[in-house]
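Okay, here's what each chain looks like letter by letter:
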Amino acid sequence: MSQNHMPLTPIERLTGWALAVFAVVVAIFLMAPILAIVPLGFSDGEFLVYPIRGWSTKWFEAFFASEKWSVAIRNSFAIGAVSALVATVLGTMAAVGLARTDFPGKKLITGLVLSPLVVPIVIYAVGLYFFFAPLGLTQSYLGLVLAHAALGSPFVVVTVGASLSNFDHNLMRAAASLGAPPLTAFRRVMLPLVLPGVVTGALFAFAASFDEVVTVLFLAAPEQRTIPREMFSGLRESLSPIIAAASTVMILTAIALLAAVEVLKRRGERLQKAE
């Protein structure tokens, strides 16, 4: 029997089981607070309390029927979609530029581009407020889109940069030698191969905008409320189970986004093997 197929020793088996149990415990610890809110959305009571005495979908009906929440839903998806589009364009351009060129201060520029990932969101929101106020961008959809695009673009830079790390740049040189302009070579050669990374970054950028609340608190007008902003107000004013229904909708949206990312990840792996 080869060494690769040697049976596991009792200690190795015990270690494997211990690690598996530990992983399950950690997963439960992380997921339990999130999943605990879902049953409350189906409660027929008037408060966020356990135990649940009866079940009903009335809070989901109220969530989708309420004009206030309908505006928040439209704002969340509209701002998230537009900011994700802006972040995807800017992030892809930045990733391509950083991957294809080498210049003094490249590490500094890379750190600045990725800084929204590490800067505390409150500091970011306060800085944006004082920067946007003289420009008249506070209490405007444009200001919110730009703020969320800046938060989402680092995700695009990271995912597209990861895709470009396996990209053969000789393909671009070959396209240029055949007379293709740079934009045409990018559109027809590079973009199809790094598209899973681009779309994955766009989904992460949308998610970053969709559940963001701090910059909305600083920059948004009353008519620009998003779902997280409305939930924040609801938690301060009344602990209604409609907040749990809204949370469930956001959880399902996040699950759908993660599933899409996983599909794109597998497609990217297939493209890399095909190369």
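This write-up is about the structure you can find in this document. (Residues numbered from 1 in each chain as written. Predicted model: local features only at pLDDT ≥ 70, side-chain atom pairs only at ≥ 80, totals over all residues. Heavy atoms only, no water.)

1. Describing the packing of helix α7 (residues 141-164) against helix α9 (residues 182-210)
Here's step 1: Two elements in contact, α7 and α9, have axes separated by 8 Å at closest approach and are oriented at 150 degrees. The pairing of α7 with α9 is recorded here as roughly antiparallel in orientation. Note on packing geometry: the crossing formed by α7 with α9 is right-handed. Across the interface between the two elements, His148, Gly152, Phe155, Val156, Thr159, Val160, Ser163 and Leu164 from α7 touch Met190, Val194, Gly197, Val198, Thr200, Gly201, Ala202, Phe204, Ala205, Ala208 and Ser209 from α9.
Here's step 2: Residue composition of the contact of α7 with α9, grouped by class: eleven nonpolar, eight polar and no charged. (Axes fitted to C-alpha atoms, helices over the stretch in contact; angles between N-to-C directions. Helix = DSSP H or I, 4+ residues; strand = E, 2+ residues; numbered from the N terminus. Parallel < 35°, antiparallel > 145°, perpendicular 65-115°, else oblique. Left-handed = near helix turned anticlockwise from the far one by under 90°. Contact = heavy atoms within 4.5 Å. Nonpolar A, V, L, I, M, F, W, Y, C, P; charged D, E, K, R; others polar.)

2. Side note on the pattern of salt bridges
Here's step 1: Counted under the stated rule, the structure contains three salt bridges.
Here's step 2: Its salt-bridge partner being Arg74, residue Glu67 comes within 3.7 Å of it at the nearest N-O pair. (Salt bridge = Lys/Arg side-chain N within 4 Å of Asp/Glu carboxyl O.)

3. Regarding the layout of surface pockets
Here's step 1: Taken as a whole, the second largest pocket holds about 260 Å³ of empty space.
Here's step 2: Forming the walls of the second largest pocket are 15 residues, and the residues nearest its centre are Val113, Pro116, Ala149, Ala150 and Ser153.
Here's step 3: Mapped onto the lining of the second largest pocket, the elements with two or more residues apiece are α4 (67-100), α5 (106-114) and α7.
Here's step 4: Looking at the lining of the second largest pocket, the element that brings in the most residues is α7, giving five residues.
Here's step 5: When its residues are assigned to classes, the lining of the second largest pocket shows twelve nonpolar, three polar and no charged. (1 Å grid on protein atoms, 1.4 Å probe; cavity = no way out; pocket = protein on both sides within 12 Å on 5 of 7 lines; lining within 4 Å. Points joined across faces, edges and corners; volume = space filled by probe spheres on them.)

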